[in-house]
Amino acid sequence: MAGHPDAAEMRERYARMMEGRRVEMLEGLVILTGLYMAISPWVVHFRSTSPDVAVNDLIVGLALAIIGLGLMLFPERALGLGWMLIPIGIWLIILPWVASAGHSATRGIIWNNLVVGIIVCLLGAATAAMAAMGRRRPRATRA
């Protein structure tokens, strides 16, 4: 098989295909974080007391899950968009004071959004760093 005329091309194609899978662990964490954020109003029990925050958490959580799904299905294209997770994480951190009635929120809402927002920011930074490392490597090294 090593002497086959297409062996080098097959190795190069396989290396290109595997290169797009740099973010396997991160995409799963983004999906899980998004799904948790979507159900967090029911987990932390603030759906009825802060409906504005609950709706926002649901929408942002589903958006995060869709971004994670995009990272999983189209890693070579979506990896460059991982930086979008950083502003989403910042929004989650400030959300309890911005979207709640009277600009005050319970301790549970604040801690929930703070922890998830920090996790989303860290995932965004890691994804952006991976995308930057992938762009810095010369084309000859990638094969």
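See the structure above.
Computed from a prediction, not measured in an experiment: that's the story for all the values here. (Residues numbered from 1 in each chain as written. Predicted model: local features only at pLDDT ≥ 70, side-chain atom pairs only at ≥ 80, totals over all residues. Heavy atoms only, no water.)

Draft legend 1. Geometry of the overall build of the chain. Within the chain, the secondary structure is distributed over seven helices and zero strands. Seen in sequence order, the chain has helices and strands lined up from the N terminus as α-α-α-α-α-α-α. Taking as baseline every contact in the chain between residues at least 6 positions apart, the subset at least 24 positions apart corresponds to 72%. Counting only carbon and sulfur atoms, one obtains 70% of the accessible surface of the chain, whose full area is about 8,600 Å². (Helix = DSSP H or I, 4+ residues; strand = E, 2+ residues; numbered from the N terminus. Contact = heavy atoms within 4.5 Å. Areas by Shrake-Rupley, 256 points an atom, 1.4 Å probe, with all protein chains shown as cover.)

Draft legend 2. Main features of helix H3 (residues 51-73). For H3, which comprises 23 residues, the first-to-last C-alpha distance of 33 Å matches the rise-based estimate of 33 Å (1.5 Å per residue) to within 8%. Three or more residues of H3 are buried, namely Val53, Ala54, Asn56, Asp57, Val60, Gly61, Leu64, Ala65, Ile67, Gly68, Gly70 and Leu71. (Expected span 1.5 Å × (residues − 1). Buried < 20%, exposed > 50% of the residue type's maximum accessible area, 1.4 Å probe, protein only.)

Draft legend 3. Structural detail: the side chain of Asn56. When you line up the elements, Asn56 lands in helix H3. Note on Asn56: relative accessible area 17%, which makes it buried. Contacts of Asn56, omitting those with residues within four sequence positions, involve Trp91, Leu95 and Ala99.

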